Number of protein chains: 4
Amino acid sequence: MEDLPRIAPLLLRQTNPEYRGDRTRAVQVRGACFGGERPTVIAGPCAVESYEQTLTVARAVQKAGADALRGGAYKPRTSPHDFQGIGLEGLHILRAASDETGLPVVTEVMDTRLVEQVAEFADMLQVGSRNMQNYPLLAEVGRAHKPVLLKRGMAAGLCEWLGSAEYIAQQGNLNIVLCERGIKAFPSGEYSRYVLDLNVIPALRSLSFLPVIVDPSHSTGVASMVEPASRAALEFGSHGLIIEVAEEAERGCDAAQAIDAQTLLRIVKFARAHWTPVEVHEAAARA
Amino acid sequence: MEDLPRIAPLLLRQTNPEYRGDRTRAVQVRGACFGGERPTVIAGPCAVESYEQTLTVARAVQKAGADALRGGAYKPRTSPHDFQGIGLEGLHILRAASDETGLPVVTEVMDTRLVEQVAEFADMLQVGSRNMQNYPLLAEVGRAHKPVLLKRGMAAGLCEWLGSAEYIAQQGNLNIVLCERGIKAFPSGEYSRYVLDLNVIPALRSLSFLPVIVDPSHSTGVASMVEPASRAALEFGSHGLIIEVAEEAERGCDAAQAIDAQTLLRIVKFARAHWTPVEVHEAAARA
Amino acid sequence: MEDLPRIAPLLLRQTNPEYRGDRTRAVQVRGACFGGERPTVIAGPCAVESYEQTLTVARAVQKAGADALRGGAYKPRTSPHDFQGIGLEGLHILRAASDETGLPVVTEVMDTRLVEQVAEFADMLQVGSRNMQNYPLLAEVGRAHKPVLLKRGMAAGLCEWLGSAEYIAQQGNLNIVLCERGIKAFPSGEYSRYVLDLNVIPALRSLSFLPVIVDPSHSTGVASMVEPASRAALEFGSHGLIIEVAEEAERGCDAAQAIDAQTLLRIVKFARAHWTPVEVHEAAARA
Amino acid sequence: MEDLPRIAPLLLRQTNPEYRGDRTRAVQVRGACFGGERPTVIAGPCAVESYEQTLTVARAVQKAGADALRGGAYKPRTSPHDFQGIGLEGLHILRAASDETGLPVVTEVMDTRLVEQVAEFADMLQVGSRNMQNYPLLAEVGRAHKPVLLKRGMAAGLCEWLGSAEYIAQQGNLNIVLCERGIKAFPSGEYSRYVLDLNVIPALRSLSFLPVIVDPSHSTGVASMVEPASRAALEFGSHGLIIEVAEEAERGCDAAQAIDAQTLLRIVKFARAHWTPVEVHEAAARA
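Residues numbered from 1 in each chain as written. Chains lettered and ligands numbered in written order. Predicted model: local features only at pLDDT ≥ 70, side-chain atom pairs only at ≥ 80, totals over all residues. Heavy atoms only, no water.

Caption draft 1: Representation of the packing of helix H6 (residues 158-169) of chain C against helix H7 (residues 200-207) of chain C. All names here are of chain C. Close contact between H6 and H7 brings their axes to 11 Å; oriented N to C, the two are set at 50°. Considered as vectors, H6 and H7 are oriented oblique to each other. The element H6 and its partner H7 pack so that their crossing is right-handed. Of the residues in H7, those touching H6 at Leu158, Trp161 and Leu162 are Val200, Ala203, Leu204 and Leu207. (Axes fitted to C-alpha atoms, helices over the stretch in contact; angles between N-to-C directions. Helix = DSSP H or I, 4+ residues; strand = E, 2+ residues; numbered from the N terminus. Parallel < 35°, antiparallel > 145°, perpendicular 65-115°, else oblique. Left-handed = near helix turned anticlockwise from the far one by under 90°. Contact = heavy atoms within 4.5 Å.)

Quick look at the structure:
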């Protein structure tokens, strides 16, 4: 932690006097604001599969009152033999769903050579967990002049995470939102897919001025945990959530972690009503 | 997880038809009830140091509306050269503070040979993280006919934890409350002392009928994180909290994780007002 | 690590001038010497089940040229419904097998109240991984005036481990042998039971004068890994090994990690022939 | 593990009958052969800094009898403000040092757009730990028709690692060498930089026919541990090593983990003399 001022000077409170105290940088993604007065909720399907599927989910997301639409056109998968997303077609679908609903679109980019393409369609570029330390991608994304959602690597400490964000910031782009999505630890896989590490939220907020949100879907991997995890994240100071939602019809066959529209509605309501700003002045003075 | 019915048959919903669904066993500790209609808050000093210190904190705990008093008479410490607690004298002080305030007392016992002694003074016996797999101690504590608070080992999976609880249950004592207190993982020590693992809460609640609480003090090790961690734990379905509180005067010199009475008051208020029961029917069907 | 001189002053090179440099304390267990000129091999069955089984294995251990016999009379098990060992009868059997073969006996004690009993039969008292921070047991074992084998806790750092050894040392007993037996980390359970952490061997040797050995059986949990793990441990500077061996007949039904007598013979031969003393002067100056 | 045949069918023994038993695929990198009759040693500086420095180290590497030269022209660093390597100039230097010494060159490529460039200069392309799940890079590297050294991600399980290798294999390139380089776990940073996980070696060898080597420099982060870690890796079945070596003059100011030429000489001698082939038929049948 003593190395942080050298690792990430562009992003720390202590090296940026305008962010002394507990002010968070507001990151605007069209109508959605991260780090603003209330938590922001991104929701949508795991992968974009078709226009109908995506629009159905997007409308449910809009109706639930969420702030932005997520969906994967390019999917990072453990095996090359797994479904890799529908690519460019998926970007077109996301754009159309966004136009229909007015929701800004967040989608992942994995390939430096596709950053420009994805940035044409997306309102916010997501860098996934597996690419958190893909430095050429971070630099390229930083140059795209779009807000960035930077997920935490599964083995990334706070310093490494902020170091990665600094690669984006170095390109003149401070519109970065950090996203905790679960880490690998010994219990991973016993009763949840990853270990959701909420302690990092106040630690980040006390050290950096960037907004930080939580992915309760991947960090638990269990649909019934997503709602309590969402509430917990918000109470721990998270500036928002990114959640996987599935159409009624496909639930069960789909990812074990996707929730339905009713659950999303309750989460959004909670996000609006119950958020308590966290005092971060002294947090994580030391561990 | 498929081994659980063999490991902990006395404690699972699936092997105890009277606990099918989401009913939690209520564990009564004099006036305090774990697993009842509202969350239970245990609070008190890390170690019992003197009658004055303990009574001052106990009165603050009582005034804040908490349900039980904690305090260590026997302290497990990494080094034998560290302060080990004041032992029997501490038990007398806890008893006196309990009599003064009406709060039931929770205190740790580490030695099989002292279980009887500690049980004379305590209303609830705590088995600490380091002794979670000290099976003779678990059996002895099970025979003491007092409610037991069983903390999770720093490297214990859910099966190992319930297996340890089963040692207590086997002695005919089902009055067990489980307590998540942080696990060891790669970020431990970078920005918080341990990694608070809240995913385990709904997983435990869906599998076992025992109440489960959270220790936000040890799992973070950072005073300013205790309040948000407490709220998060309750939103994630925790049946209660156990929190370290320090006298005004000694804060700073004392443990970095102890909170003051005002913070405790806010946490208790939150616990009373905001608790949302978690539907656990389907939680953690699989990870 | 900067706290070590406070945590474990009795066991460090820097606070004990007679152990400056790379001299290791020799711990004598009847005919076996840990920390001496060559590695020491302890071998035997997981649990003592009968006189015949134990003697058969003990003779194979003796014939293989190993230095000491291991075997559990009291077995720590995740569930109280699992086989817990045959207790006192097992101690009698171990003693008899020792008398027959001349091999000193190493066996685990878990209960403070049984230390005296176990010490009557055993030549070396083992404190298991789950009890590494059972401080009353450590103190009791320290008072028994027998050499102690202290296994590492599954989540214990180097400081915590040496802190636990210091509890034994504080009772005037410096005849302590440390034993690495695998830690809990994210890969545990995927392809091996635990993660064997050999980096800790030179780190311990540079900081403390205690001998340190490795358990290749529990740290891998896979019989076919035991032999390469044994060789690796010795090459990394381990002063010895503790290995589970099974009778021909029961292999397969028995623990997946037990090796046969032929494999043990090869390991012992390797231990005698190939051991290269490690220069530890500067090791682990810092990580 | 039951998913492996779906995840990495091109790389498993069970799905490739020509690799049943314990035959390893030999990966030839000019004069060096991985998975052949004896272990292969790659050595060289952490980063290429100048022609003089690189040639000096390369000659020491050659003189020590090592098989290939390593050196970073593009360096992945936690912070963008840290030294990032000298890029193309470094590639020219490596090529020249290779021409001088006859040693094949292994160097890291991080950017899909630079694969072609790096492949012009390098004999083997290294994909680093942080890019293990950078799938576009893996595919691009697979198409470059050069042997690939695929380092394990710091949080990668065996299935994820082989899944990443499968991305390379899918491009028709089976000339892949896997490299264990330490994982993140709770002890990381206490006494060594990472936890060296050698259990994965026999597990990989029993499941896949790819050669697997070990990086004792990064997995320990401590110069004095590199030699014992190297011997241990070879005894555990590693097909080779990749080691950081520094010029005499810069040792101390340089990375804490670089060894000198004399130590490298001893390691190479050990690699040639002491290697014992591991029987992998039954290894890691299950954990």
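Caption draft 2: Region of the structure containing the environment of C:Ile259. For C:Ile259, the position within the fold is in the loop between strand E10 (240-244) and helix H10 (261-274). Taking the C-alpha atoms as reference, C:Ile259 lies 21 Å from C:Gly90; in sequence the two are 169 residues apart.

Caption draft 3: Representation of unusual backbone geometry within the structure. Residue and element names in this part refer to chain C. Phi angles above zero are rare outside glycine, and Arg30 is one such case at about 50°. Within the element layout of this structure, Arg30 appears in the loop between strand E1 (27-29) and strand E2 (32-34). Judged by relative accessible area, Arg30 falls into the partly exposed class, the value being 40%. For His145, which is not a glycine, the phi torsion comes out positive at approximately 55°. His145 gets classed as exposed once you look at its relative accessible area, which sits at 64%. (Buried < 20%, exposed > 50% of the residue type's maximum accessible area, 1.4 Å probe, protein only.)

Caption draft 4: Summary view of the packing of aromatic side chains. Considering all chains together, one arrives at eight aromatic pairs over all chains under this definition. For the pair C:Tyr135 and C:Tyr167, a centre-to-centre distance of 4.2 Å together with 15° between the ring planes defines the contact as stacked. Here C:Tyr167 lies in helix H6 and C:Tyr135 lies in helix H5 (residues 135-143), a separation of 32 residues in the sequence. The exposure classification of C:Tyr135 matches that of C:Tyr167, with both residues buried. The side chain of B:Arg231 reaches across the aromatic face of B:Phe270, ending 5.9 Å from its centre. Positioned over the ring face of C:Tyr194 is C:Arg181, at 4.3 Å from the centre of the ring. (Phe/Tyr/Trp six-rings, centres within 6.5 Å; stacked < 30°, edge-to-face > 60°. Lys NZ or Arg CZ within 6 Å of the ring centre and 35° of its normal.)

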